[in-house]
Amino acid sequence: MRPGTTATAPGLEIRPMRDGDAERVLAIYEAGLETGQATFETVVPSWAEFIAAKLPRLSHVATDLGTGEVVGWVAASRVSARPVYAGVVEHSVYVHPGHMSRGVGRALLVAFIAASEDAGVWTIQSAIFPENTASLSLHRSLGFRVVGTRERLGRHHGVWRDVVMLERRSAG
Ligand SMILES: CC(C)(COP(=O)(O)OP(=O)(O)OC[C@H]1O[C@@H](n2cnc3c(N)ncnc32)[C@H](O)[C@@H]1OP(=O)(O)O)[C@@H](O)C(=O)NCCC(=O)NCCS
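Along each chain, numbering runs from 1 in the same order as the chain's sequence is written. Local features in a predicted model are, by the rule used here, given only for residues with pLDDT of at least 70; side-chain atom pairs are given and counted only at 80 or more, and totals for whole chains, interfaces and linings are based on all residues. The side-chain quantities take in all heavy atoms of the structure and omit both hydrogens and water.

*Asks:* Help me get a handle on the site of the ligand, residues and values and all.
*Replies:* The criterion for a residue being near a molecule or strand is simple. One of its heavy atoms has to lie within 4 Å of it. Near the ligand there are 17 residues, and of these Val95, Gly105, Arg106, Asn132 and Ser137 occur at the shortest range. Under this definition, polar contacts are N or O atom pairs within 3.5 Å; protein pairs additionally need one hydrogen-donor-capable and one acceptor-capable atom, and for neighbouring residues in sequence, both atoms have to be side-chain atoms. The separation between an oxygen atom of the ligand and a polar main-chain atom of valine 95 is 2.8 Å. Within the side chain of serine 137, a nitrogen or oxygen atom sits 2.5 Å from an oxygen atom of the ligand. Areas reported as accessible are Shrake-Rupley estimates using a 1.4 Å probe. Residue values count occlusion only from the protein chains shown. If the ligand stood free it would expose 910 Å²; the protein chains cover 72% of that surface. Numbering of helices and strands runs from the N terminus, with a helix taken as a DSSP run of H or I at least four residues long and a strand as a DSSP run of E at least two residues long. Going through the elements one at a time, strand S4 (88-95), helix H3 (104-118) and helix H4 (133-141) are the ones with two or more residues in the shell around the ligand. Per-element accounting of the shell around the ligand gives the leading share, four residues, to H4. Under the convention adopted here, Pro, Cys and the residues Ala, Val, Leu, Ile, Met, Phe, Trp and Tyr are nonpolar, Asp, Glu, Lys and Arg are charged, and Gly plus all remaining residues are polar. Along the lines of polarity and charge, the residues of the shell around the ligand split into nine nonpolar, six polar and two charged.

Here it is, written out as structure tokens:
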């Protein structure tokens, strides 16, 4: 295993995200957008837009050890520039549709939580559509609690959508 990488699930390696991953990361993001259950966003950004606010230390990809291909990613941004919120981040996790339900999302989130705690993050938050049962279940199983549901928060393809707010508070 290379330094800075972790093997957390059979056949997978988790390593820091890099510019060379751009095309694949954005393609996986686009597949997530197409599910209609991942995010309010409807357009894939450029790589520069995508990484602009992301915290590099917390951005990771999962690669298939057999093919070397990126099969999922996790990344986060600060929720506010105010010093009091310096340890509060909001993350996204996306897995390639051809690699779902084999532990990729869980491995990414476990690695992300560990990296966040190493970086001094105390609260990780996430906003998830209620219909995204896979994501809700994954997050709950790793210590995220539901803070509440924001009703009819925004329009997605013309339809008002609720959003479930989750957070994971570190012990520290
Ligand atoms: C949500 C997502 C990241 C889960 O990734 P994954 O690699 O498929 O999930 P894993 O195989 O690691 O499964 C982890 C847990 O998620 C839940 N889960 C996964 N697939 C599920 C499904 N189809 N239905 C219900 N729960 C599911 C289970 O709790 C599972 O735990 P278990 O294996 O102990 O049962 C993935 O479905 C995805 O990328 N979806 C599209 C993008 C998206 O919605 N991202 C989240 C935005 S908030």
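*Asks:* If you had to explain the nonpolar core to someone new, which residues and values would you point to?
*Replies:* Residue types Ala, Val, Leu, Ile, Met, Phe, Trp, Tyr and Cys, when buried and joined through side-chain atoms within 4.5 Å, form a set referred to as a nonpolar core. Only protein chains enter the accessibility calculation, which uses a 1.4 Å probe. A residue is then buried if its area is under 20% of the maximum for its type, exposed if over 50%, and partly exposed in between. Judged by nonpolar contacts, the single largest core of 29 residues is most densely connected at Leu58, Val89, Val104, Leu108, Phe112 and Ile124. Taken together, the elements giving at least two residues each to this core come down to strand S1 (12-16), strand S3 (70-78), S4, H3, strand S5 (123-128), H4 and strand S7 (159-169). In terms of residue count, the dominant contributor to this core is H3 (eight residues). Any two residues whose heavy atoms approach within 4.5 Å at even a single point are treated as in contact. Excluding residues that lie within four positions of it along the chain, valine 89 makes contacts with Leu55, Leu58, Ala76, Ser77, Arg78, Val79, Phe112, Val121, Thr123, Ile124 and Gln125. If you look at the next biggest cluster of nonpolar residues, it comprises 14 residues, including Met17, Val25, Ile28 and Val70.

*Asks:* Please set out the packing of H3 against H4 residue by residue, giving values where relevant.
*Replies:* Taken N-terminus to C-terminus, the directions of H3 and H4 make an angle of 40 degrees; their axes are 11 Å apart at the nearest point. Taken together, the axes of H3 and H4 are oblique relative to one another. For the pair H3 and H4, the crossing hand works out as right-handed. For the pair formed by H3 and H4, the contact residues are Gly105, Arg106 and Leu109 on the first element and Leu138, His139 and Ser141 on the second. Here, axes are lines fitted to C-alpha atoms. For helices the fit covers the stretch in contact, and angles between N-to-C directions go from 0 to 180 degrees. Any angle between 65 and 115 degrees counts as roughly perpendicular, while under 35 counts as roughly parallel, over 145 as roughly antiparallel, and the rest as oblique. A crossing counts as left-handed when the near helix is turned anticlockwise from the far one by less than a right angle, and as right-handed when that turn is clockwise.

*Asks:* Can you tell me about the environment of leucine 109, naming the residues and giving the values?
*Replies:* Position of leucine 109 relative to the elements: it lies in helix H3. When its relative accessible area of 0% is taken as the criterion, leucine 109 is described as buried. Separated by 30 residues in the primary sequence, leucine 109 and histidine 139 have C-alpha atoms spaced 8.2 Å apart. Residues in contact with leucine 109, not counting those within four places in the same chain, are His91, Leu138, His139 and Leu142.

*Asks:* Explain the pairing of S5 to me, and be specific about the residues and the numbers.
*Replies:* For two strands to count as paired, DSSP must find a minimum of two bridges between them. Across three bridges, the pairing between S4 and S5 is parallel. When the sheet's bridge partners are listed, valine 89 is paired in S5 with isoleucine 124. Look down the strands so they point away from you; if the path from the first strand over the helix to the second goes clockwise, the crossover is right-handed. Remark: the S4/H3/S5 crossover connection has right-handed handedness. Relative to S7, S5 is paired through six bridges, and the arrangement is antiparallel. Within S7, the residue paired with serine 126 across the bridge is leucine 166.

*Asks:* Hey, could you go over the pairing of S1 for me, with residue numbers and the actual values?
*Replies:* Burial analysis of S1 places four of its five residues in the buried class, which makes it a mostly covered element. The pairing of S1 with strand S2 (residues 60-64) spans five bridges and is antiparallel. Its bridge partner lying in S2, leucine 12 is registered against aspartate 64.

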